[in-house]
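Close look at the chain arrangement
Residue strings, one per chain:
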Amino acid sequence: MNVLQELDALLCSDDDEYDRLDLFLEADELIGQLQSADVPALLALWRARSPCWQQRFTQASSNIDGAVLRALLAGLLQIKEATHGVLELMSRLPPVADNSALSDALLAYAEQAWHADPARQRQIQISCWSCGLSGRLLKRLGLAAWKDAGL
């Protein structure tokens, strides 16, 4: 069984077993072993699996490789029906944003989500702050400070 298959089986475990055996620790270790070549298959799983599976993945991804993370985020941005993952994984990026196409795409995603889902504005602000996009998002929203947004 390869790393991705093992990870998938682990993330599909029933709730009681996953929590009781602290399987998130093993999931975190397996996620750290993923390679860029695994991302297309990971994205296919993302589409096929439940929100619970996706949430377990994002929660256990503290050791995710930077290249895998960037490729995964780029792929998730292409999945229109993906409702979980982008904002959650943004916090795993380095705290200083670069001028890459991925940063621009994440910023556009955050701006769109800001207007589409006011209930998630705090999460959007925290996600952007954690990866260095906070100031750019403020500028795109036409705000001088987060207090102007009521946060």
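Below is a summary of the structure that appears in this document. Note that the structure is a prediction, hence the values are computed from the model and not measured.

1. Some remarks on the overall build of the protein
Along the backbone of the protein there are 10 helices and zero strands. Counting from the amino terminus, the protein carries its helices and strands in the arrangement α-α-α-α-α-α-α-α-α-α. Expected size for 151 residues packed as a compact globule is a radius of gyration near 15 Å; at 16 Å, the protein falls within 12% of this value. In the protein, of all internal contacts separated by at least 6 residues, the share reaching a separation of at least 24 is 68%. Accessible surface, the protein: about 8,000 Å² in total, of which carbon and sulfur atoms supply 52%.

2. Concerning the pattern of salt bridges
Scanning the model with the defined rule gives five salt bridges in all. For Arg-56, the salt bridge identified is with Asp-15, shortest N-O distance 2.6 Å. Residue Arg-56 is found in helix H5 (residues 51-59), and its partner Asp-15 is found in helix H2 (residues 15-20); the two are separated by 41 residues along the sequence. For Asp-16, the salt bridge is made with Arg-20, and the minimal N-O distance between the two is 3.6 Å. Residue Asp-16 and its partner Arg-20 are both found in helix H2; the two are separated by four residues, about one turn of the helix. For the pair shown, Asp-16 and Arg-20 are each scored as exposed.

3. Overview of unusual backbone geometry
Note on backbone geometry: most residues besides glycine have negative phi, and most peptide bonds are trans. At Asp-22, a position not held by glycine, the phi torsion is positive, near 50°. For Asp-22, a relative accessible area of 38% puts it in the partly exposed group.

4. Here's the deal with H5
Buried within H5 we find Trp-53, Gln-54, Arg-56, Phe-57 and Thr-58. Looking at the packing, one finds that the buried side of H5 touches helix H1 (3-11), H2, helix H3 (23-32), helix H4 (39-48), helix H6 (66-78) and helix H7 (86-90).

5. Here's the deal with the nonpolar core
Soluble, globular proteins show a tendency: their nonpolar side chains are buried together. Leu-7, Phe-57 and Leu-106 are the most contacted members of the largest nonpolar core, which has 47 residues in total. Here this core gets seven residues from one element, more than from any other, and that element is helix H8 (residues 101-116).

6. What to know about H8
Counting along an α-helix, one turn takes 3.6 residues, and residues three or four places apart therefore face a common direction. Taking 1.5 Å per residue, 16 residues should reach 22 Å; H8 reaches 22 Å between its end C-alpha atoms and fits that length. Along H8, the positions that sit buried rather than exposed are Leu-102, Ser-103, Leu-106, Leu-107, Tyr-109, Ala-110, Glu-111, Ala-113 and Trp-114. Check the buried side of H8 and you find it contacts H6, H7, helix H9 (121-130) and helix H10 (134-141).

7. Comments concerning the side chain of Gln-121
Relative to the helices and strands, Gln-121 is located in helix H9. Setting aside anything within four residues of it in sequence, one finds Gln-121 in contact with Trp-114 and Leu-151.

Calculation criteria
Residues numbered from 1 in each chain as written. Predicted model: local features only at pLDDT ≥ 70, side-chain atom pairs only at ≥ 80, totals over all residues. Heavy atoms only, no water. Helix = DSSP H or I, 4+ residues; strand = E, 2+ residues; numbered from the N terminus. Rg over C-alpha atoms; globule rule 2.2 N^0.38 Å. Contact = heavy atoms within 4.5 Å. Areas by Shrake-Rupley, 256 points an atom, 1.4 Å probe, with all protein chains shown as cover. Salt bridge = Lys/Arg side-chain N within 4 Å of Asp/Glu carboxyl O. Buried < 20%, exposed > 50% of the residue type's maximum accessible area, 1.4 Å probe, protein only. Core = buried A, V, L, I, M, F, W, Y, C linked by side-chain atoms within 4.5 Å. Expected span 1.5 Å × (residues − 1).

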